[in-house]
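Descriptive analysis of the structure
Residue-level listing of the chains:
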Amino acid sequence: MMIAVYLNYPRSRVCVHHNPGCSKIQQAKKPGQRRFRIDDQSRDHHIEGCQKWSFLATSETNDMWLQIDLRDYNQEVITLEEIIAALGSRYRRFARPNISRHC
Ligand SMILES: [Zn+2]
């Protein structure tokens, strides 16, 4: 399993894709956009690092893609929730994000 997650600010929209071939994933990618891959090796690094991720209402910093690949859906969702909680403690708009599942 693997999930691809799109985070948008300031709309605090979190969209989860389960199909890695989903056409929306390709369509939504912009040059220079931040993308992080979270797997078994990088998970701890990113859980710590996400404390420093910044979101501002500019085209470079208003969104981000996360690819979470922990080979276990529940672990991937737990990791996403941890990241959102960390963001929510710094960005009020992420405290109550609008989370949707696209595919
Ligand atoms: Zn999708």
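Please refer to the structure placed before this passage.
These remarks concern the structure in this document. (Residues numbered from 1 in each chain as written. Predicted model: local features only at pLDDT ≥ 70, side-chain atom pairs only at ≥ 80, totals over all residues. Heavy atoms only, no water.)

Things to note about the overall build of the protein
What counts is decided by this rule: In this text, helices come from DSSP runs of H or I with a minimum length of four residues, and strands from runs of E with a minimum of two, each type numbered from the N-terminal end. Only the C-alpha atoms count toward the radius of gyration. The rule for a globule is 2.2 Å times the residue count to the power 0.38. For every residue, the accessible area obtained with a 1.4 Å probe (protein chains only) is divided by the maximum for its type, and the residue is called buried under 20%, exposed over 50%, and partly exposed between those limits. Here, two residues are considered to be in contact whenever any of their heavy atoms come within 4.5 Å of each other.
Across its full length, the protein holds four helices and five strands. Along the chain direction, N to C, the helices and strands of the protein fall in the order β-β-α-β-α-β-α-α-β. Taking 103 residues into account, the globule formula puts the C-alpha radius of gyration at 13 Å, and the protein, at 13 Å, falls close to it. Out of the 103 residues belonging to the protein, those deemed buried represent 45%. Considering only residue pairs separated by 6 or more positions, the protein has 72% of its internal contacts joining residues 24 or more positions apart.

Focus on the environment of Cys15
Checked against the element boundaries, Cys15 lands in strand 2 (residues 13-17). Given the relative accessible area of 9%, Cys15 is considered buried. In sequence terms Cys15 and Ala86 are 71 residues apart; their C-alpha atoms lie 17 Å from each other. If sequence neighbours within four positions are ignored, Cys15 has contacts with Ala4, Val5, Tyr6, Ser100 and His102.

With respect to the sheet that holds strand 4 (residues 63-68)
Rules: When DSSP finds two or more bridges between two strands, those strands count as paired. Between N-to-C directions, angles span 0 to 180 degrees; the directions come from axes that are lines fitted to C-alpha atoms, helices contributing only their stretch in contact.
Spatially, the five strands line up as an open sheet ordered 3-4-1-2-5, and their pairing is mixed. With partners counted over all chains shown, the strands left at the sheet margins are strand 3 (35-38) and strand 5 (98-101), one partner each. Between one strand and the next, the sheet's axes are offset by a mean angle of 20°, whatever the strand orientation. Sheet topology places strand 3 next to strand 4; four bridges connect them, and they run parallel. Directly across from Arg37, in strand 4, lies its bridge partner Gln67. Lying over the sheet, helix 3 (residues 73-90) contacts strand 1 (3-8), strand 2, strand 3, strand 4 and strand 5, oriented at roughly 150° with respect to strand 4.

Describing helix 3
Applicable threshold: Every helix has an expected span of 1.5 Å times one less than the residues it contains. Pairs of N or O atoms are called polar contacts if they sit within 3.5 Å, as long as, within protein, a hydrogen donor faces a hydrogen acceptor (for residues adjacent in sequence, only side-chain-to-side-chain pairs).
The end-to-end C-alpha distance of helix 3 is 26 Å, a good match for the 26 Å that 18 residues give at a rise of 1.5 Å each. Regarding helix 3, the residues found buried are Glu76, Thr79, Leu80, Ile83, Ile84, Ala86, Leu87 and Gly88. Two or three places before Asn74, at the start of helix 3, stands the capping residue Asp72, its side-chain oxygen 3.2 Å from that residue's backbone nitrogen.

Here we look at the pattern of salt bridges
To keep things clear, this is the line we draw: By definition here, a salt bridge exists when the distance from a side-chain nitrogen of Lys or Arg to a carboxyl oxygen of Asp or Glu is within 4 Å.
Within this structure, the stated rule accounts for six salt bridges. Note that Asp40 is salt-bridged to Arg71, the shortest N-O span being 2.0 Å. Remark: Arg71 occurs in the loop between strand 4 and helix 3 and Asp40 occurs in the loop between strand 3 and helix 2 (43-49); sequence separation between them is 31 residues. Owing to a relative accessible area of 39%, Asp40 belongs among the partly exposed residues under this scheme. Put simply, Asp44 and Arg43 hold a salt bridge, and the shortest N to O gap is 3.6 Å. According to the relative accessible area criterion, Asp44 is exposed, its value standing at 56%.

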